Amino acid sequence: MHTYLETAAAETSMWVYFLSACAAGVALLYALWSWLIPAAVQYNAWGALLWHDVIVERALDLLTRSTRPKRLLRAVQKNATRGDPLSVISAIDHFCRHSEWAMNVGDEKGSILDSVVSELNPNTSLELGTYCGYSTVRIARLLPPGARLITLEFNPDYAAVARQVISWAGVQDKVELVEGPSGDLIPQMKERFGVETFDFVFLDHWKDRYLPDTNLLEECGLLRKGAVLLADNVICPGTPEYLAYIRNSPRYESRYFQSHLEYTKVEDGLEKSVFLG
Ligand SMILES: C[S@@+](CC[C@H](N)C(=O)[O-])C[C@H]1O[C@@H](n2cnc3c(N)ncnc32)[C@H](O)[C@@H]1O
């Protein structure tokens, strides 16, 4: 009897020990995932991109059997008011700061984008790289009546989400989202899309395309004198060839606006370049 009680007590304490160890392990993993690693990569460019853009995105895609753009769209549909672009922008920023980082221009660089667009008041604009439509909504909401924004996206899944985000924000009448690679579409701007010249171009697609696409815009005569090119991520991930070209070409007057990589403390910035003709 005595031995039986002792064995039962030993088994119970083994289970208590095992369950406590499991609970501590889960708590530690949760703390690492939610606070410790995100805080550790806040100031580290490649750490932040590897953590947010590769590890977390893949893990959540697997766990939720969904994609980041679809989760972002759900956050917009749940938290933003239809027809209110500012509420769409806030819902995306909140989602990206508190749930999942995403590669939108973000709120901090977004306010620089806002000032450039408001100051220029462009009639015809081009955006290279739509993703989920965050910057498209930011730009479109500031455009004067009758103005036009063409945005190019070569990933059909992103384009499908962006269409819904843009229409949730109520700015669809000002936006033409065109699916396809910028290198193929830019030469078609005059004939197929009836564009004479662009007043404003926002470059935010893959970084190795900034320079060739700028040269294409020049060769196709799509930049009017005084047109503004605004390039995102010129420091992180970085666009060294583009910066060397745009800062040294006598055809541009260029200025750097320092900021941070979206939703982090890593240095990044926007390069604003005025085409002198
Ligand atoms: C950084 S994200 C754009 C973010 C968006 N501008 C925002 O701030 O909300 C870059 C996007 O460009 C798209 N992209 C990259 N290279 C492209 C190209 N050559 N033509 C069209 N889309 C491209 C990618 O699929 C991706 O969705």
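Since this is a predicted model, take the numbers as computed values, not measurements.

Right, let's talk about the site of the ligand for a bit. Every one of the 18 residues lining the ligand counts as a neighbour, but V105, G129, Y134, S135 and H205 are closest to it. Those elements that place two or more of their residues in the shell around the ligand are α6 (134–140) and β2 (148–153). Of the residues that constitute the shell around the ligand, the class distribution is nine nonpolar, six polar and three charged.

Attention now goes to unusual backbone geometry. Residue P237 follows C236 across a cis peptide bond; omega there is 5°. Its location among the elements puts P237 in helix α11 (residues 234–238). Not every positive phi belongs to a glycine, and N121 is a case in point at roughly 50°. Relative to the elements of secondary structure, N121 occurs in the loop between α5 (106–120) and β1 (124–128). By C-beta crowding, N121 is classed as exposed, having 12 other C-beta atoms within 10 Å. In this structure, Y263 takes a positive phi of about 60° despite not being glycine. Position of Y263 relative to the elements: it lies in the loop between β6 (252–260) and β7 (267–275). A tally of 22 C-beta atoms within 10 Å means that Y263 is categorised as buried.

With that settled, the discussion passes to the domain arrangement of the protein. By domain assignment, the protein separates into domain 1 (2–62) and domain 2 (76–275). Using only C-alpha atoms to locate each centre, domain 1 and domain 2 end up separated by 40 Å. Of the residues lining the interface, ten residues belong to domain 1; the matching set on domain 2 comes to nine residues. Of the residues assigned to the side of domain 1 that touches domain 2, the class counts are six nonpolar, three polar and one charged.

Turning to helix α3 (residues 68–79), a few remarks are in order. Helix length check: α3, at twelve residues, gives a terminal C-alpha distance of 16 Å against a target of 16 Å (1.5 Å per residue), a fit within 8%. Within the span of α3, buried status applies to R68, P69, L72, L73 and V76. The buried residues of α3 occupy an angular sector of 140° when the element is viewed end-on, so they sit on one face. The exposed set on the far side of α3, more than 90 degrees from its buried face, consists of R74 and K78.

This part covers the nonpolar core. The biggest cluster of nonpolar side chains holds 68 residues, and the ones touching the most others in it are V88 and V165. The biggest single contributor to this core is helix α7 (residues 156–169), with eight residues. The contact partners of V88, leaving out residues within four places of it in the chain, are V76, A80, V137, V165, W168 and A169.

Given 3.6 residues per turn, any residue in an α-helix points the same way as the ones three and four places further on. Along helix α10 (residues 210–219), the positions that sit buried rather than exposed are Y210, D213, T214 and L217. One side of α10 holds all its buried residues, which, seen down the axis, span an arc of 105°. Turned more than 90 degrees away from the buried face of α10 sit N215 and E219, all of them exposed. Lining the buried residues of α10 we find β1, α8 (182–185), β4 (198–203), β5 (223–231) and α12 (240–248). Positive phi shows up at G221, right after α10, with a value of about 65°.

The sheet built from seven strands is open, its strands ordered β3-β2-β1-β4-β5-β7-β6 with mixed pairing. Bordering the open sheet on either side are β3 (175–179) and β6, each of which pairs with just one other strand. Sheet twist, expressed as the mean angle between neighbouring strand axes with direction ignored, is 15°. As paired strands, β2 and β3 are joined by five bridges and run parallel to one another.

The next subject is the packing of α10 against α12. Across the interface, α10 lies against α12 with an axial gap of 8 Å and an inter-helix angle of 40°. Considering the angle they form, α10 stands oblique to α12. Residue-level inspection shows Y210, L211 and T214 of α10 in contact with α12, the latter providing E241, Y242 and Y245.

This part covers the UniProt feature "binding site: Mg(2+)" (unreviewed entry) in the protein. According to UniProt, the positions carrying the feature "binding site: Mg(2+)" (unreviewed entry) are D204, D232 and N233. In sequence the annotated residues extend across 30 residues, while in space they remain close, none of their C-alpha pairs exceeding 7.5 Å. Topologically, D204 is positioned in the loop between β4 and α10. Taking the number of C-beta atoms within 10 Å as the measure of exposure, D204 has 25 and is therefore buried. Excluding residues that lie within four positions of it along the chain, D204 makes contacts with V105, E127, L128, G129, S135 and D232. The residue D232 is located in the loop between β5 and α11 in this model. Judged by the 30 C-beta atoms lying within 10 Å of it, D232 is buried. Not counting residues up to four positions away in its chain, the partners in contact with D232 are V105, K109, L203, D204 and L270.

Definitions and cut-offs
Along each chain, numbering runs from 1 in the same order as the chain's sequence is written. For this predicted model, a pLDDT threshold of at least 70 governs which residues receive local features, and a threshold of 80 or more governs which side-chain atom pairs are given and counted, while totals over whole chains, interfaces and linings are taken from all residues. In this entry, near means the residue's backbone-placed C-beta atom lies within 6 Å of the molecule or strand. Counting from the N terminus, the helices are the DSSP runs of H or I reaching at least four residues and the strands are the DSSP runs of E reaching at least two. Each residue gets one label: Ala, Val, Leu, Ile, Met, Phe, Trp, Tyr, Cys and Pro are nonpolar, Asp, Glu, Lys and Arg are charged, and the others, such as Gly, are polar. Working definition of burial: number of other C-beta atoms within 10 Å of the residue's own, with buried at 20 or more, exposed at 12 or fewer, and partly exposed in between, all C-beta atoms being placed from the backbone. Each domain span listed reflects an automatic or database assignment of domains. For the purpose of contact definition, each residue receives a C-beta atom placed from its backbone, and two residues are in contact when these atoms lie within 7 Å. The length a helix should cover is 1.5 Å for every residue beyond the first. The directions considered for the arc are those from the helix axis to the C-beta atoms. Structurally, a nonpolar core is described as a collection of buried Ala, Val, Leu, Ile, Met, Phe, Trp, Tyr and Cys residues joined by way of C-beta atoms within 7 Å. Strand pairing is assigned whenever DSSP detects at least two bridges linking the two strands. Axes, fitted as lines to C-alpha atoms, cover a helix only where it is in contact. Angles between the N-to-C directions of the axes lie from 0 to 180 degrees. To sort the angles, those under 35 degrees are grouped as roughly parallel, those over 145 as roughly antiparallel, those from 65 to 115 as roughly perpendicular, and the leftovers as oblique. UniProt positions are given in the numbering used here, feature names are shortened, and annotations may be inferred rather than shown by experiment.

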